[in-house]
Amino acid sequence: MNEQQRSILLHSTSCFPLPPGVKLSYGTAGFRADASLLESTVFRVGILAALRSVQTRSVVGLMITASHNQASDNGVKVADPSGGMLSQHWEPFADTLSNAGDPNTLLQLIDDFAKKEKIPLEGASEGEVLLGRDTRPSGEFLAEAAKQGITSIMGVNATDMGVMTTPQLHWMVRSRNKGMEASENNYYDQLSTSFRCLMEYIPKGNRNFNVNDKVIVDGADGVGGEKLEILKKLLSDLSIDVRNRGDGVLNEGVGADFVQKEKIIPRGFGPADVGFRCASLDGDADRLVYFSIELNSNKIVLVDGDKILSLFALFIKEQLNILTGEDGKVNESYQARLGVVQTAYANGASTYYLKQLGLEVVFTPTGVKYLHEKASEYDIGIYFEANGHGTILFSESFLCWLEGRNNELTSTSKCSEQQEAALRLLAVSKLINQAVGDSFSGLLLVEAILKHMGWSMFKWNELYHDLPSRQLKVKVVDRTAVITANAETVVVRPIGIQEAINAETAKYPHGRCFIRPSGTEDVIRVYTEAISQEAADSLANSVATLVDQFLGFNTTK
Ligand code: 16G
Ligand code: MG
């Protein structure tokens, strides 16, 4: 690092001292905390994003959001040049950088890391970081801190994209690095055009089916509501009624996380909405769940990420079969691999359903970075968490084959059914955000598929019946004491707890249970499934007691 760079960093770092006693960790969703504690962290993540941009000679993203957390929290995460999550091997550096006490230590860390990673810091580098934030009141001053961090690496520009959804920022990073147009308007154009294309190829017989054209969307009083208002103006054949567009308190009694966990009607919805398809986005619009309102009750019928995944998988498999036949063979030497990725939170009934369709289903630990990575190993990889975060990834080689096949079919004009299937799959690859899960593209794809099938939401929900399940959280002294394996289905530390959980689970016919440390809260999460709600609840309570015995505050060590 040259002298000029050194003095810029020393000066800027001294303006962002760490609040005393704060120690944060770059978890599954970046750094998250009360916004008042985050200024120095965001500044440092700005430095990190700039370094990543210099190293990869690509555009990188920095998003300021705490997603579904309460409005007073905030957070920060980095989008890698692919548009996906920050490369995992940079995470330890994110931790040490953010917790480095004084400017000299920080400087030394950067110097060492830059040498190790061969990042040139001699003044001639170039880079660009796209900066986005959600609607939280703290977003603006934290964005200033991020800019200071980004521009303290010489030659790196911070491009402020203002308020946007997390998936929009990831999409822009990906598009920029592919040399494609990447403005917010380009994003809306791509989504609306590919949606229109899917609607055009709806089988004639299904067009007049009585599928309601209206969907009511809960915007969680976050960025999703206001952005969806823009997108919906470009759509015909679908009427979107956006509620909770930002006038109320963000995520309070609203949003995908609330709806999925509490299973009660979100604020802004009521008896007049009975019979309609409803959907909820989370605070930064990267999650989507559907629901319908029950008559004379405050309960909802939840249609979660697992069911969205099942709908997508069914549709994609159908189109692929039209194109390639049951064996998925594209030609003698090339077979299209379709894979589905879930986590242990996926309801067992969904996994059973997907396997019955003949699909390959694999599991990863919780967190988008794991699911995304796994899904990218397939020609078409579909991943979803039960909480509504997910997307579909298409390999370059498959898309290339698809384009070629489509051209072939156009020139021979022989088989319109196959050509329509090819065009549908191409449209899905453009509609669905391949950088990260996106509630907007998810919503439009669900709507298009329901129209395609001629299905009501009720019919969709009947694909399979969820097994009763329960989630609990237990406060413990140190959640890092729990170490899991096999996609979080087995606990290897503390020793003995897995055997105790097994013994408890064995008491319940078809019982299933796992525990894992949360990546976003200081708790251990317990998940159970069983043949009745009472059994799932009872197993969850017993296992929560076990967790408390092994790890709780009264444990003598
Ligand atoms: C974050 C993750 C989400 C995961 C959740 C689990 C991303 C972008 N988000 O929100 O995928 O389901 O954390 O939270 O990776 P937990 O660790 O507190 O259970
Ligand atoms: Mg989110």
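Remember, it's a predicted structure, so these values are computed and weren't measured experimentally.

Overview of the overall build of the protein chain
Within the protein chain one finds 18 helices and 21 strands. Its C-alpha atoms give the protein chain a radius of gyration of 24 Å, near enough to 24 Å, the size a compact globule of 557 residues would have. In terms of overall dimensions, the protein chain has C-alpha extents of about 70 × 65 × 50 Å along its principal axes. In the protein chain, which comprises 557 residues, the proportion classed as buried is 58%. Counting contacts in the protein chain only where the partners sit at least 6 residues apart, residues at least 24 apart contribute 71% of the total. Here the protein chain has roughly 22,400 Å² of accessible surface; of this, 51% comes from carbon and sulfur atoms. With 54 positive and 68 negative side-chain charges, the protein chain shows a spacing of 2 Å between the two charge centroids.

Describing the packing of aromatic side chains
Within this structure, the stated rule accounts for 16 aromatic pairs. Among the aromatic residues, ring-to-ring pairing joins Trp90, Phe93 and Phe113 into one connected group. Looking at Arg243, its charged tip hangs above the ring of Phe269, at a distance of 5.1 Å from the centre. The ring of Tyr464 is capped by Lys307, whose NZ or CZ atom sits 4.3 Å from the centre of that ring.

Some thoughts on the nonpolar core
Grouped together as the largest cluster of nonpolar side chains are 79 residues, with contacts concentrated most on Tyr290, Phe312, Ile392 and Trp460. Take this core: its biggest share by element is 10 residues, from helix 10 (residues 305-324). With sequence-adjacent residues up to four places away left out, Ile392 is seen in contact with Phe312, Ile316, Ile380, Gly381, Ile382, Val428, Ile432, Gln434 and Leu445. Within the second largest apolar cluster, 45 residues are counted, among which are Ala50, Val76, Trp90 and Val156.

As for the coordination of the magnesium ion (ligand 2)
The coordination sphere of the magnesium ion (ligand 2) contains the protein donors Ser67 (OG), Asp282 (OD), Asp284 (OD) and Asp286 (OD), at a distance range of 2.0 to 2.2 Å. Ordering the donors of the magnesium ion (ligand 2) by residue number gives the pattern S-x214-D-x1-D-x1-D. Taken as a pair, Ser67 in the loop between strand 2 (59-64) and strand 3 (73-79) and Asp284 in the loop between strand 8 (277-281) and strand 9 (288-293) lie far apart in primary sequence, 217 residues in all. Residue classification places Ser67 among the buried positions, given a relative accessible area of 4%.

Observations regarding the UniProt feature "binding site: Mg(2+)" (unreviewed entry) in the protein chain
Mapped onto this numbering, the UniProt entry gives "binding site: Mg(2+)" (unreviewed entry) at Ser67, Asp282, Asp284 and Asp286. Despite a sequence span of 220 residues, these residues sit close together in the fold, their greatest C-alpha distance being 8.2 Å. Taking the relative accessible area as the measure of exposure, Asp282 reaches 1% and is therefore buried. Here Asp282 is in contact with Ser67, His68, Ala220, Asn251, Ala256 and Arg287, once residues within four sequence places are set aside. A polar contact of 2.9 Å, which involves the side chain of Asp282, links it to the backbone nitrogen of Ala285. For Asp284, a relative accessible area of 0% corresponds to the buried category. Once residues lying within four places of it in the same chain are set aside, the contact partners of Asp284 are Thr65, Ser67, Lys77, Thr165, Thr166, Pro167 and Val223.

Quick look at the site of ligand 1
Around ligand 1 sit 16 residues in total, of which Glu385, Ser518, Gly519, Thr520 and Arg525 are the nearest. Taking Gly519, its main chain carries an N or O atom lying 2.6 Å from an oxygen atom of ligand 1. Within the side chain of Arg525, one N or O atom sits 2.6 Å away from an oxygen atom of ligand 1. A total of 450 Å² of accessible area belongs to ligand 1 in isolation, and the protein chains cover 93% of it. Here the residues of the shell around ligand 1 are counted per class, giving three nonpolar, eight polar and five charged.

Observations regarding the pattern of salt bridges
Enumeration over the complete set of coordinates arrives at 33 salt bridges. One salt bridge connects Glu377 with Lys374, and the closest N-O pair in it is separated by 3.1 Å. Relative accessible area serves as the criterion here: at 25%, Lys374 is assigned to the partly exposed category. The network of salt bridges with common partners includes Glu3, Arg6, Asp111 and Lys115.

Brief notes about the sheet that holds strand 10 (residues 300-303)
Reading across from one edge, 7-6-8-9-10 is the order of the five strands in this open sheet, with mixed pairing throughout. Strands at the two margins of the open sheet, each flanked by one partner only, are strand 7 (239-243) and strand 10. Pairs of neighbouring strands in the sheet enclose a mean axial angle of 30°, with direction left out of account. Most of the contacts of helix 10 go to strand 9, to which it runs at about 105°, and overall it touches strand 9 and strand 10.

What about the packing of helix 10 against helix 11 (residues 348-356)?
Where helix 10 meets helix 11, the axes come as close as 10 Å, and the angle between the chain directions of the two elements is 5°. When the axis of helix 10 is compared with that of helix 11, the two are roughly parallel. Where helix 10 approaches helix 11, its residues Asp306, Leu309, Ser310, Ala313 and Leu314 are matched on the opposing element by Ser350, Tyr353 and Leu354. Looking at the contact of helix 10 with helix 11 residue by residue, the class counts come to five nonpolar, two polar and one charged.

A look at the domain arrangement of the protein chain
Looking at the assigned domains, one finds that the protein chain contains domain 1 (3-163), domain 2 (198-302), domain 3 (306-459) and domain 4 (469-551). Using C-alpha coordinates to define each centre, domain 1 is positioned 34 Å away from domain 2. Across the contact, 10 residues belong to domain 1 and 14 residues belong to domain 2. Both sides of the domain 1 and domain 2 interface together cover about 870 Å² of buried area, and 54% of this is carbon and sulfur. Sorting the residues of domain 1 by area buried against domain 2 places Ser67, His68 and Thr135 first, and these three jointly supply 53% of that buried surface. For the side of domain 1 that touches domain 2, the residue count by class is two nonpolar, five polar and three charged.

Criteria and thresholds
Residues numbered from 1 in each chain as written. Chains lettered and ligands numbered in written order. Predicted model: local features only at pLDDT ≥ 70, side-chain atom pairs only at ≥ 80, totals over all residues. Heavy atoms only, no water. Helix = DSSP H or I, 4+ residues; strand = E, 2+ residues; numbered from the N terminus. Rg over C-alpha atoms; globule rule 2.2 N^0.38 Å. Buried < 20%, exposed > 50% of the residue type's maximum accessible area, 1.4 Å probe, protein only. Contact = heavy atoms within 4.5 Å. Areas by Shrake-Rupley, 256 points an atom, 1.4 Å probe, with all protein chains shown as cover. Lys, Arg positive; Asp, Glu negative; His and termini not counted. Charge placed at Lys NZ, Arg CZ, Asp CG, Glu CD. Phe/Tyr/Trp six-rings, centres within 6.5 Å; stacked < 30°, edge-to-face > 60°. Lys NZ or Arg CZ within 6 Å of the ring centre and 35° of its normal. Core = buried A, V, L, I, M, F, W, Y, C linked by side-chain atoms within 4.5 Å. Donors = N, O, S within 2.8 Å, 3.2 Å for Na, K, Ca; no water. UniProt positions renumbered as here; feature names shortened; annotations may be inferred. Polar contact = N/O pair within 3.5 Å; in protein donor to acceptor, adjacent residues only side chain to side chain. Near = heavy atom within 4 Å. Nonpolar A, V, L, I, M, F, W, Y, C, P; charged D, E, K, R; others polar. Salt bridge = Lys/Arg side-chain N within 4 Å of Asp/Glu carboxyl O. Pairing = 2+ DSSP bridges. Axes fitted to C-alpha atoms, helices over the stretch in contact; angles between N-to-C directions. Parallel < 35°, antiparallel > 145°, perpendicular 65-115°, else oblique. Domains from an automatic or database assignment. Buried area = accessible area lost by both parts, 1.4 Å probe.

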